[in-house]
Amino acid sequence: MSITTDSTIALTDPARLAAVRRYEILDAPTDGQFDTIAAAAAAVCGTPIATVSIVDADRVWFAATRGLDGVAQVGTEPGLCASAFCADGPYVVNDAVADPRTLDHPLVRGELGLRFYAAAPIVTVDGHHLGTVTAIDGIPRELTDAQKTVLGHLADQVAQHLELRLATIQAVRAERELRTEAEQRAAAAAELAAQMRTAAAKQAATPHPERCELGGARGCTAPAEIKVADSWGDSAWGCTAHVEEAIINVTSVYIASEELGGLAAYLNR
C-alpha cells in the first residue's frame, strides 16, 4: 500500500479522530511548552522553521510554530505532515523538489519553497498518531541519526504533555461537577428544611403522637413534629431528622399535605 493511501485512511480513521478530539487541543490557545518544543526542534535540526502540528481530518493545525509567523494551519495534501504523522518513525525529505513524495506539494512549489522536511510522529499511549514535530528549511539538508533521535524524543514530550493536559482538564471538570452537585444538594437541603418548617407550623395544631414513629426497631424519643405519607396511603409522624431521612432515602415519601392525592390515611383522619 502506498504512503498516500495509508495517510488518507489514517486521516479519517474514526478511532484516531476520537483520540484527537479527546485531548481538546485543536484551536486551543498556544501552549508555552509546545512553543519551547518547536524552538528545540529548530535548534537541534539547524532549521529556521519548526512546528508542532496536530492532524485533523481535513487540515493540519499548528499547536506551535517557530519561524512561521501568521500561519495557523495548512491543508492535508499528501507528502508532508499529512503523510509523516502516520509513519512509524522519523520521516525525512532531504530535497523536496527531487523527492517524488513531495515535488508536487503546494508548500514545495509555492512561495515557501520548502526543500527540507523532517518530522517525528506524535503517538498517544494507546497508539493513535495525532500529528508531528517538524523541522523545515528552504535548502536541502540531511539529518544525523542523533538528530532524528532527538526529534523523536521531542514528539514523545508532546504526547506526554497532552496526557498531562488531559488529566488536568478532567480533574478541573470533575471538581466543577462535584461543586455543582454539592451546590445542588445544599439548595435541595435548604428547600426541604424550609418545607419541613412550614409543615411543622401547619401541623402543630393537628392531633399527633408525642414521640417520633420513624425510629424503626430502635425507636426514637424525639418529639413528633411532621407527618409524612406515601402514595399508598401509609403515613406516620416523625421528628425532623427522621422525616428528612425518610424523604431523602425512601421513594415516594412526602410531607403529608391535603393537596397530595392518594394519601387516604391522612385525608380521612
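Residues numbered from 1 in each chain as written. Predicted model: local features only at pLDDT ≥ 70, side-chain atom pairs only at ≥ 80, totals over all residues. Heavy atoms only, no water.

A.B. asks: Residue-level account of unusual backbone geometry, with values.
C.D. replies: The backbone of Glu 24 shows a phi angle near 50°, a positive value even though the residue is not glycine. By the element assignment, Glu 24 lies in the loop between α2 (14-22) and α3 (32-45). Under the relative-accessibility criterion, Glu 24 is labelled partly exposed at 36%. Even without glycine at this site, Asp 27 takes up a positive phi of about 65°. Among the secondary structure elements, Asp 27 is positioned in the loop between α2 and α3. (Helix = DSSP H or I, 4+ residues; strand = E, 2+ residues; numbered from the N terminus. Buried < 20%, exposed > 50% of the residue type's maximum accessible area, 1.4 Å probe, protein only.)

A.B. asks: Explain the pairing of strand β8 (residues 235-238) to me, using residue names and the numbers behind them.
C.D. replies: The side chains of a regular strand alternate, residue by residue, between the two faces of the sheet. Where strand β7 (residues 226-230) and β8 come together, four bridges link them in antiparallel fashion. When the sheet's bridge partners are listed, Val 228 is paired in β8 with Ala 236. (Pairing = 2+ DSSP bridges.)

A.B. asks: Can you break down the nonpolar core residue by residue, with the values?
C.D. replies: If you look at the biggest cluster of nonpolar residues, it comprises 34 residues, and the most contacted ones within it are Phe 34, Val 52, Ile 122 and Val 133. Of all the secondary structure elements, the ones that give two or more residues to this core are α2, α3, β1 (49-55), β2 (60-66), β5 (116-123), β6 (129-137) and α6 (145-203). Ranked by residues supplied to this core, first place goes to α6 with seven residues. Leave out the neighbours within four places in its chain, and Phe 34 touches Ile 25, Val 52, Ala 63, Ala 64, Val 158, His 161 and Leu 162. Formed by 20 residues, the second largest nonpolar core is a distinct cluster that contains Leu 11, Cys 81, Ala 87 and Leu 114. (Core = buried A, V, L, I, M, F, W, Y, C linked by side-chain atoms within 4.5 Å. Contact = heavy atoms within 4.5 Å.)

Interpretation note: all reported values are geometric properties and have no functional meaning in isolation.
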